[in-house]
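Topology and contacts: notes
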Amino acid sequence: MVQLVGSLRKEVAESLSTCRVLVVGAGGIGCELLKNLVLTGFKNIEVIDLDIIDVSNLNRQFLFQKKHVGKSKAQVAKESVLQFCPTANITAYHDSIMNPDYNVEFFRNFMLVMNALDNRAARNHVNRMCLAADIPLIESGTAGYLGQVTVIKKGLTECYECQPKPTQKTFPGCTIRNTPSEPIHCIVWAKYLFNQLFGEEDADQEVSPDTADPEASWNPAETEARAMASETDGDIKRVSTKEWARSTGYDPAKLFNKLFKDDIMYLLTMDKLWKKRKAPLPLDWHQLESQGSRRPQGEVKAVGLKDQQVLGVWGYCQLFQHSIETLRSELQEKGDGAELVWDKDDAPALDFVTAAANLRMHIFSMTMKSRFDIKSMAGNIIPAIATTNAIIAGLIVMEGLKVVSGELESCRTIFLNKHPNLRKKLLVPCILDPPCANCYVCASRPEVTVKLNVLKTTVLALQDRILKERFGMVAPDVNIEDGKGTILISSEEGETDANNGKFLSDFGIRNGSRLQSDDFLQDYTLLINVLHAEDLEKDVEFEVVGDAPDKAPPPPSNQEDASSIANGNKDSAQPSTSNVHHPGPFSRLIFAPILIGTPYVLKLSIASMDIGAQLCGHLQVDCWGFRSNPMLPV
Amino acid sequence: MAATKASKEQKYDRQLRLWGDHGQEVLENAHVCLINATASGTEILKNLVLPGIGAFTIIDGHTVLGEDVGNNFFLSQNSIGRNRAQAATELLQELNSDVSGNFVEESADQLLDNDPEFFHRFSIVIGVQLSESTRLRLGSVLWAVGVPFLVCWTYGLMGYMRLVVKEHTVIESHPDNALEDLRLDRPFSELTDHIQSYQLESMEKKDHSHTPWIVIIAKFLETWLTEHDGQPPKNYKEKEAFRQMIREGILKKENGVREDEENFEEAVKNVNTALNPTKVPSSVEDLFNSEQCTNITSQSAAFWVMLRAVKEFVLHEGKGCLPARGTIPDMISDSQRFINLQNVYRDKALQDAAAVAKHVESLLQTTGKVLGKNAAFLRVVHCRSLAEEYAVESVNKDEITSCMDSPDSEMVLYLMLRSVDRFYQQHSRYPGVYNYQVEEDISKLKLCVTSLLQEYNLNVSIKDDYIHEFCRYGAAEPHTVAAFLGGAAAQEVIKMVSHQFVPFNNTFIYNAMSQTSATYQL
């Protein structure tokens, strides 16, 4: 400690030992951060993390060891740090920061909050809590070699939500169910299938052929005939997939033939779909079995890691069989009504998706993928290494020291480049931008305009898709500004359940209506102006007016991006984040990680792993006008 | 064995996605040496042990003191009084049982006196908080045998790194802004055939507006070439005319207005990219002509053998072109035709890689494949030696004086660090280590600054503030600065060991107060 006093002002060193700080997340950055904080002299630290330790954390989350796998991250992190620094006063919570126990009062206990999170929902939430409690927040993120740190203070800087973030990529239902054209479509289908069979059934995750496909344009008589045919066909009855699977005793061969033979043959009858496309080729279990057992499995080349090999069709049939058997017994052990949750790090769950996705890819004439690649795509995996986290955590604490010593004006947003840029800078610090005047979160009276169809949007969709998913509320209360204050949604459980299935128009909501939505926990009120529209594109439920996250950013100039950066460290000459163009899609990295449908990241980094551009996705425009996110790296 | 491989795959999953299993393999075969297990030293090692470096050896003659424990996560109260190399090795080893940890209870100077060859065995040597004399001695030993040497130093609120390596070869430089390798100016026969299969004139509207722009340009280029004696559009005027030609190709509605065909817009935008002539980059050309490539002997490193194979390919099968990269950019297209086009390029790349592998036949076939695809991205990094940097006759005066035009450039920190070296030489201690010394050391350090500038005949001025600041630092190693440097240095070590990505050349400075950094060639 003698050494520290040397480089820190005495008052700062003293305030470190008395101030109380909160670390949200005990993962890659969190572990580094906890270590840096105690060794810099912070004494009172609280850490919260919902997660338990997984093997794949061990390559960077150094507070955990193999023996800790399955235990609470927050708790083990605390114990490991105490072992090295017994004098620190650490409180650990194995819990979600979104739990209402952690209210504004809780946040007010701290002098500083530091996020070390991996998802946008929690980042949005902590952002709001810190705004409500008026506590400074340091936000950070890493993806591969890239990283970013920024400081958020109410009224002084942009908040986390001041700039619109790209939305996560979704696919139209009919592409998934009827006409997959890229591996990712088959992977999404396989994940849906997992939930339909073993997990929580979700009506939005249908896997069977979609007869309402507009492209197939059925005539009604035909549809009915087909429906009749399937009724009498025995196995293809339209009962719940799960019930049906259970009734067969999760018989792999029966499941296989329904999914990969009967359903495909059914799709083939929708002949309009295949006029311009290559038609799928159904597979038959028994036929494959007799071929497969005759042919020895020596054809797989034993090169490279096992996970990176692509098995043959029969190999995936066997994997399909084995994974179903394992998952079935897991389900049985859990007892009646139990459900499994898909997790990329759970071997049988990943095996199942690998097998089912590959079989479907084969049926639709796509090149099959290794388990390793499937895991990337299915798990939205963002590559992560120790070194980047170490650098970022080092930067966070330097910013933290400035906050604690009351020097908020000298705080910066810092971008970490993959290697020194053309101006030879590995780090690019930028002055913090002031709050955005019309931010829908930190403005004094937040207000947005949402374009939707009041005749087709249900109250439940308003609550789940718009208020929770899009606007990050946890438990919204909504009333209509109709002079009577009609309550549309109540956060009290059960109070307004009867409204859920009704349409907004049933409550007199029409073009120009205003809805007031409150989140008590977040101390946040949002006024929503309804713009009725009947011309929304298919599969688009609503649009937020004036925010276009899917628009490509202006192309970075060919000249070095930071031409406006002053060479030295003259603060006044540093650019603000809004006029710096960063290379690639990461210009606002911490805002981006969950959008990166990982393959895009991989494309940059793994030249030799032969994850072809096919996997990396091209800008595809097909009949539904769907475009993949255009923020691709060059 | 299979089981351990699977568990490694799981543990290293997130990083395999960055450097691949071949990157991981070289990492697991590397042996790094760390001199001095200070906070910066153990932070660097931590970041190498976690991703699974093969082995490390710590060299440190110090006994652990209380102040060591205060800023170093890998020393505990129980370590006090023990040898620092041993104590740190034990705790670092706990992080990863796949890694072999070793230690030597001697100082680097003792080893240099008794057994300088000891250092030859390492993949890279990392020297932390070394005095100038040790740095120079070790630097010359390692330089002579070609072992890379990474010097790291955390000094108060600054971090310093210097890479010293005579020659470092990079196969996968992973450039950010590589030009596409489309070969439209020199189409290979499979590409020509594929392009032939498209008939823009007879396409239906939907197909027309989803034809990949590469095909569009290739088609119009064909027409252009016949109209212009086989000469492609070269200057701005010609390219503009060519763009106009493409625009004319957009379908028209009945009223004569052009349809909205985004793929044609893309084609127009990409004219420059597409017409970029296919040639061997000059950086690679230089490598081809280098001594090591022309004279292959039994001593030649694999890199040069493979490079020679690529050169042979260019001279023969390639007819002047590097092996094809086999990738095409994202573009508007329907999936089927995109994939078909992509396969044409991919097959060509596989075919070329096989040809390169043939040239290396007896040597490393699999690596030949990696090299073939990355042929345009080959790099060799040459650093200057420490002796060159420090000698009055070869000091990089221009770089220093031009940077010092702005008095707060990170360069001033470098000059301060060199002055601190001088202070240590004269007083056998660093300035301001004890509070009572700070005042008197300020003037002493100022003298060192002046003599440094005089010796190198540098006409620059250093603000007194920096001299005060460096005395106040008292050679402290604050943990958070050490943590930053630990991440940055370990990343460079991984680059060096894996021969992927281009390492910095040759000096890196981090200013923790302003959160800025710079790299200099000194």
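The rules we used
- Starting from 1, residues in each chain are numbered consecutively following that chain's sequence as written.
- Each chain is given a letter, starting from A, and each ligand a number, starting from 1, according to the order in which they appear as written.
- Only residues with pLDDT of at least 70 are given local features in this predicted model, and only at 80 or more are side-chain atom pairs given and counted; all residues enter the totals for whole chains, interfaces and linings.
- Hydrogen atoms and water are omitted, and side-chain values are computed over all heavy atoms in the structure.
- UniProt positions are given in the numbering used here, feature names are shortened, and annotations may be inferred rather than shown by experiment.
- For the purposes of this section, nonpolar cores are sets of buried Ala, Val, Leu, Ile, Met, Phe, Trp, Tyr and Cys residues that join through side-chain atoms within 4.5 Å.
- Remark: exposure states derive from per-residue accessible area (1.4 Å probe, protein chains only) relative to the maximum for the residue type, with buried under 20%, exposed over 50%, and partly exposed in between.
- Here, two residues are considered to be in contact whenever any of their heavy atoms come within 4.5 Å of each other.
- Elements are defined by DSSP. Helices are runs of H or I of four residues or more, strands are runs of E of two residues or more, and each kind is numbered from the N terminus.
- One confidence number per residue, pLDDT, is output by the predictor and ranges from 0 to 100.
- In this analysis a 1.4 Å probe is tested at points of a 1 Å grid over the protein atoms alone, and where it fits but cannot get out there is a cavity; an open set with protein on both sides within 12 Å along at least five of seven lines is a pocket; lining residues have an atom within 4 Å of a point.
- Grid points are joined across faces, edges and corners, and a volume is the space filled by probe spheres set on the points.
- Under the convention adopted here, Pro, Cys and the residues Ala, Val, Leu, Ile, Met, Phe, Trp and Tyr are nonpolar, Asp, Glu, Lys and Arg are charged, and Gly plus all remaining residues are polar.
- Strand pairing is assigned whenever DSSP identifies at least 2 bridges connecting the two strands.
- Every angle, taken between N-to-C directions, lies between 0 and 180 degrees, and every axis is a line fitted to C-alpha atoms, over only the stretch in contact when it is a helix.
- For this analysis, a ring pair means two rings from Phe, Tyr or Trp (six-membered ring only for Trp) whose centres lie within 6.5 Å, classed as stacked if their planes differ by under 30 degrees, edge-to-face if by over 60, and tilted for the remaining angles.

Looking up chain B in an unreviewed UniProt entry gives the name NEDD8-activating enzyme E1 regulatory subunit, with the organism given as Gadus morhua. Regarding chain B, the relevant UniProt record gives this comment under Pathway (unreviewed entry): "Protein modification; protein neddylation." The annotation that UniProt attaches to chain B under Sequence similarities (unreviewed entry) is "Belongs to the ubiquitin-activating E1 family. ULA1 subfamily."

Under an unreviewed UniProt entry, the name given to chain A is SUMO-activating enzyme subunit 2, and the organism recorded is Gadus morhua. In UniProt, chain A has this text filed under Function (unreviewed entry): "The heterodimer acts as an E1 ligase for SUMO1, SUMO2, SUMO3, and probably SUMO4. It mediates ATP-dependent activation of SUMO proteins followed by formation of a thioester bond between a SUMO protein and a conserved active site cysteine residue on UBA2/SAE2."

1. Some details on the nonpolar core
Phe42 of chain A together with Leu48, Phe119, Val125, Tyr155, Leu415 and Phe470 of chain B are the most contacted members of the largest nonpolar core, which totals 170 residues. Apart from residues lying up to four places away in sequence, Leu415 of chain B is in contact with Ile400, Met404, Leu452, Leu453, Leu458, Val460 and Ile462 of chain B. In this structure, Leu259, Met270, Ile324 and Ala356 of chain A belong to the second largest nonpolar core, which totals 56 residues.

2. Considerations on the UniProt feature "transmembrane region" (unreviewed entry) in chain B
Within the UniProt annotation, "transmembrane region" (unreviewed entry) is assigned to residues 141–161 of chain B. Counted over residues 141–161 of chain B, helix gives 24% and strand 52%. Its end C-alpha atoms are 19 Å apart.

3. Digging into the confidence of the model for chain B
Mean pLDDT over chain B works out to 88, with 95% of the residues at or above the 70 mark. Across the interface, the model reports ipTM at 0.71; the global pTM reads 0.71.

4. Details of empty space enclosed by the protein
If you walk through the whole model with that rule in mind, you get 11 cavities of 30 Å³ or more. Contributing to the lining of the largest cavity are 17 residues, with Ile391, Lys418 and Leu426 of chain A together with Gln491 and Glu492 of chain B lying nearest its centre. Listed by contribution, the elements that provide at least two residues to the lining of the largest cavity are helix H16 (386–404) of chain A together with helix H24 (479–498) of chain B. Looking at the lining of the largest cavity element by element, the count peaks at 4 residues for H24 of chain B. For the lining of the largest cavity, the per-class residue count stands at 9 nonpolar, 5 polar and 3 charged.

5. Some words on the sheet that holds strand E9 (residues 447–452) of chain A
All names here are of chain A. Strand order in the open sheet made by the 6 strands is E11-E10-E12-E13-E9-E14, with mixed pairing throughout. Edge positions in the sheet fall to strand E11 (487–489) and strand E14 (542–544), since each of these pairs with one other strand and no more. On average, each strand axis in the sheet is tilted by 30° relative to the strand beside it, whichever way the strands run. Relative to the sheet, helix H17 (residues 459–470) contacts E9, strand E10 (476–480), E11, strand E12 (514–519), strand E13 (524–532) and E14, its axis offset from that of E11 by approximately 65°.

6. Topic: the packing of aromatic side chains
All names here are of chain B. With the rule as written, the count across this model stands at 36 aromatic pairs over all chains. Between Phe118 and Phe122, the ring centres sit 5.6 Å apart and the planes meet at 65°, which makes this aromatic pair edge-to-face. Each member of the pair, Phe118 as well as Phe122, carries the same accessibility label: buried. Judged by centre distance (5.6 Å) and plane angle (90°), the rings of Trp153 and Tyr155 are edge-to-face.

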